[in-house]
Each structure stands twice: as structure tokens, then as C-alpha cells.
Amino acid sequence: MTFRCFGKQDEFIKENVDRVDGNLRMDFHNNGLNGWLGFRMEFVGSLFLCVFMILLPSNVIKPEDVGLSLSYRLSLNGLLFWVLYTSCIVEN
């Protein structure tokens, strides 16, 4: 009501849009970096474990144990990403 009285609607709308745009710009980059880091963490962790398990001689560890450890590692990757994501949310 006060903005209309003084004819400042356009200035108010422009300032409001600028503030929302600045806030969303930071959120966009933050979410993009979280996704990038999570993908890289999962990729490097899975690649390292797969290469390690493939190069390990079969007389050291049984194949069923390799499959079990790969399965556990994938769920551990998800847990590590969740911890990283929630810590980034807490910091913000």
C-alpha cells in the first residue's frame, strides 16, 4: 500500500528481483559443486576399489567376498556423499 502511494512499485520490484537473483545464483553454484564433488567421490572410490579387487590374486580372497565388498563399498559411497552433503548444508 505504501509503495503504491509514493509510486515506488517499479523500484521495489527491481530491488526484490535483484536480491532473489543474487540468492539463487549462490544456491545454484553451491548445489552444482555438491553434485560434482559427490559424483567425483563415488567415481574415484568405486574405481579404486574395483581396480584393487581385480588386481588382487584369486588365491588371496574368494570371488564371493569380492562381490560382497563391492556391494558394501557402493553403499558406503552413498553414506559418505550424504555426510558431505549434510555438512555443506550445515555450513551454509
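**Topic: helix α3 (residues 63–91)**
Part 1 of the argument: The end-to-end C-alpha separation of α3 is 42 Å, in line with the 42 Å expected for 29 residues at 1.5 Å each.
Part 2 of the argument: Those residues of α3 lying buried are V66, N77 and C88.
Part 3 of the argument: Lining the buried residues of α3 we find α2 (9–55).

**Thoughts on the side chain of N34**
Part 1 of the argument: Here N34 lies in helix α2.
Part 2 of the argument: Discounting residues that sit within four places of it in the chain, N34 has contacts with F81, Y85 and C88.

**Comments concerning the confidence of the model for the protein**
Caution is warranted with low-pLDDT regions, since their predicted coordinates should not be read in detail.
Part 1 of the argument: Taken as a whole, the protein shows an average pLDDT of 80; of its residues, 96% reach a score of 70 or greater.
Part 2 of the argument: Mean pLDDT across the elements of the protein bottoms out in helix α1 (residues 2–6) (71) and peaks in α2 (83).

**Remarks on the packing of aromatic side chains**
Part 1 of the argument: For the coordinates displayed, the defined rule picks out one aromatic pair.
Part 2 of the argument: Geometrically, the ring pair formed by F39 and F43 is stacked, given 6.2 Å between the ring centres and 15 degrees between the ring planes. Taken as a pair, F39 and F43 lie in helix α2 at a separation of four residues, close to a single helical turn.
Part 3 of the argument: Assessed through its relative accessible area of 46%, F43 is described here as partly exposed.

**Focus on a nonpolar patch on the surface**
Part 1 of the argument: A contiguous nonpolar patch, built from F39, F43, V44, L47, V51, I54 and L55 and spanning about 750 Å² of accessible area, is present on the exposed surface.
Part 2 of the argument: Considering the arrangement of structural elements, one finds V51 in helix α2.

**Observations regarding the environment of L68**
Part 1 of the argument: Tracing the chain through its elements places L68 in helix α3.
Part 2 of the argument: Judged by its relative accessible area of 42%, L68 falls in the partly exposed class.
Part 3 of the argument: Considered as a pair, L68 and N16 are 52 residues apart in the sequence and their alpha carbons are 54 Å apart.

**Thoughts on the pattern of salt bridges**
Part 1 of the argument: Summed over the entire model, instances satisfying the criterion amount to three salt bridges.
Part 2 of the argument: The closest approach of N and O atoms between K14 and D18, which form a salt bridge, is 3.1 Å. Note that K14 and D18 are positioned in helix α2 at a spacing of four residues, about one turn of the helix.
Part 3 of the argument: For D18, a relative accessible area of 43% gives the class partly exposed.

**A look at the packing of α2 against α3**
Part 1 of the argument: At a minimum axis separation of 10 Å, α2 and α3 run at an interaxial angle of 160 degrees. One element, α2, and the other, α3, form an angle in the roughly antiparallel class. Here α2 runs over α3; the crossing is right-handed. Each of N34, L37, G38, M41, E42, G45, S46, L49, C50 and M53 in α2 lies in contact with α3, whose residues at this interface are V66, S69, L70, R73, L74, N77, G78, L80, F81, L84, Y85 and C88.
Part 2 of the argument: For the contact of α2 with α3, the residue count by class is 13 nonpolar, seven polar and two charged.

Basis of the calculations
Residues numbered from 1 in each chain as written. Predicted model: local features only at pLDDT ≥ 70, side-chain atom pairs only at ≥ 80, totals over all residues. Heavy atoms only, no water. Helix = DSSP H or I, 4+ residues; strand = E, 2+ residues; numbered from the N terminus. Expected span 1.5 Å × (residues − 1). Buried < 20%, exposed > 50% of the residue type's maximum accessible area, 1.4 Å probe, protein only. Contact = heavy atoms within 4.5 Å. pLDDT = per-residue confidence, 0-100. Phe/Tyr/Trp six-rings, centres within 6.5 Å; stacked < 30°, edge-to-face > 60°. Patch = residues over 30% accessible without salt bridge, like charges linked within 9 Å, V, L, I, M, F, W, Y side chains within 5 Å. Areas by Shrake-Rupley, 256 points an atom, 1.4 Å probe, with all protein chains shown as cover. Salt bridge = Lys/Arg side-chain N within 4 Å of Asp/Glu carboxyl O. Axes fitted to C-alpha atoms, helices over the stretch in contact; angles between N-to-C directions. Parallel < 35°, antiparallel > 145°, perpendicular 65-115°, else oblique. Left-handed = near helix turned anticlockwise from the far one by under 90°. Nonpolar A, V, L, I, M, F, W, Y, C, P; charged D, E, K, R; others polar.

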